[in-house]
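Summary of structural features
Listed below, chain by chain, are the residues.
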Amino acid sequence: GNVIADLGRTEAIIQKNEMIPRENIKAGDRIKAYCYDVRREPRGQQIFLSRAHPKFMEKLFVQEVPEIYDGLIEIKSSSRDPGSRAKICVKAVDTSLDPVGACVGMRGSRVQSVSGELGNERIDIIIYDDNPAQMVINALAPAKVESIVMDEDSRSMELAVNEENLALAIGSRGQNIRLASRLVGWELNIISSNEAEAKERVIEAEFQAKLMDNLSINESEAESLIRGGFLNFDDIAYAEDSKLLTALKLEESRVEEIKAAAADAALMEAMGEITQEESNLESLTELGFSEEEVDILVSKALKSMDDIAELAVDELQDIIEISDKKAADIIMKARESWFN
């Protein structure tokens, strides 16, 4: 099922999984492809081409859009489901330019030319934003995102959308949210607005109990703090006295006691998180990873033994250079706790 391409002085290979699905390439056809690798193999150097790689779409846009070729518009990232749908994120270096309009072209001529080369993929052109949350909103349009909860440590976001937009945001078989996730480089989870509200109430109830335990306040005072927008111990510890006095209606001396108790509780939480993180990093070292490899894994939000256990061999190899056997051994060692 592979295709051998004659490059003139040498040949290259397009493996079946690097071709656009349902694409029929015949002997003698002239094709475009992206060179993504050159490897030294027993029979000599082997050149590998791809028509399914996201970079192939990017290079086609460079050819079709003079503003990209001239450096007036930058391609920031892209993602594809080959032959079906794609997203490309662009940014105008020259602020007088409309990056989306330039990529679409007169009556859609430029984007249609690229789409035709890709087996008529539907291509969404997204405007880049430095704020990852706004990038996600742009990437999921026209579906409207009502709220976003970000976890920068794990590079994940929880998105709340209303019931009418839920199917549109997720897309057929999760395609839209999957492509958006690859485009922005964050893990995206979508829930309905009702689920988000219920989850928020649970979080508030748990924090209310912590407030009562750590600050020695009653239920109504804890509720008043949450209604006043104090949603963690740091908010309380570093709040202006006047805001706490308004929320709690207590004497100034009592407010100082509450702020001191909140600072202690915030410190204990931080120490607990640091201890847990150190324990997680130790577990990665125990699996046989070097310090450099641990740094790479952590940068990909893989911080614990359970994170490694959930990977497949090829997924681990995509992150660090490692043999099939070593990757399989490490993953199985990480999974031992599942069976004990």
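Scroll up to find the structure this text is about.
Just so it is clear, the model here is predicted, and its values are computed rather than measured.

Our next topic: the packing of helix α6 (residues 163-170) against helix α7 (residues 175-184). Closest axis-to-axis distance for the α6/α7 pair is 5 Å, and the angle between their directions is 65°. Between α6, through Leu168, Ala169 and Ile170, and α7, the contact on the second element is made entirely by Gln175, Asn176 and Ile177. Classifying every residue of the contact of α6 with α7 by side-chain character gives four nonpolar, two polar and no charged.

Time to look at the sheet that holds strand β8 (residues 147-151). If you walk across this open sheet you meet the three strands as β8-β9-β10, and the pairing is mixed. Edge positions in the sheet fall to β8 and β10 (187-192), since each of these pairs with one other strand and no more. Each strand of the sheet is rotated relative to its neighbour by a mean of 20°, with strand direction disregarded. Bridge count for strand β9 (residues 156-161) against β10 is six bridges, and the pairing is parallel. Paired with Glu158 across the strands is Asn189, a residue of β10.

Right, let's talk about the pattern of salt bridges for a bit. Using the criterion set out here, one finds 13 salt bridges in the structure. Its salt-bridge partner being Asp37, residue Arg39 comes within 2.6 Å of it at the nearest N-O pair. Classification of Arg39 by relative accessible area gives partly exposed; the value is 33%. For Arg122, the salt bridge is made with Asp124, and the minimal N-O distance between the two is 3.7 Å. Ionic contacts of the salt-bridge type, sharing partners, join the residues Arg85, Lys87, Arg122 and Asp124 into one network.

Here four bridges tie strand β1 (residues 3-6) to strand β2 (residues 11-14), and the two strands are oriented antiparallel to one another. By the bridge assignment, Asp6 is partnered in β2 with Glu11. Linking β1 to β2, which pair antiparallel, is a turn of four residues; within it Gly8 sits at a positive phi near 105°. Sheet analysis places β2 next to strand β4 (residues 44-50), joined by three bridges and oriented parallel.

The buried fraction of strand β6 (residues 85-92) is high, at seven of eight residues. Across eight bridges, the pairing between strand β5 (residues 73-81) and β6 is antiparallel. Residue Arg80 lies in a different strand from β6, and its bridge partner there is Ala86. What sits between the antiparallel neighbours β5 and β6 is a turn of three residues, in which Gly83 has the positive phi angle 80°.

Conventions adopted
Residues numbered from 1 in each chain as written. Predicted model: local features only at pLDDT ≥ 70, side-chain atom pairs only at ≥ 80, totals over all residues. Heavy atoms only, no water. Axes fitted to C-alpha atoms, helices over the stretch in contact; angles between N-to-C directions. Helix = DSSP H or I, 4+ residues; strand = E, 2+ residues; numbered from the N terminus. Contact = heavy atoms within 4.5 Å. Nonpolar A, V, L, I, M, F, W, Y, C, P; charged D, E, K, R; others polar. Pairing = 2+ DSSP bridges. Salt bridge = Lys/Arg side-chain N within 4 Å of Asp/Glu carboxyl O. Buried < 20%, exposed > 50% of the residue type's maximum accessible area, 1.4 Å probe, protein only.

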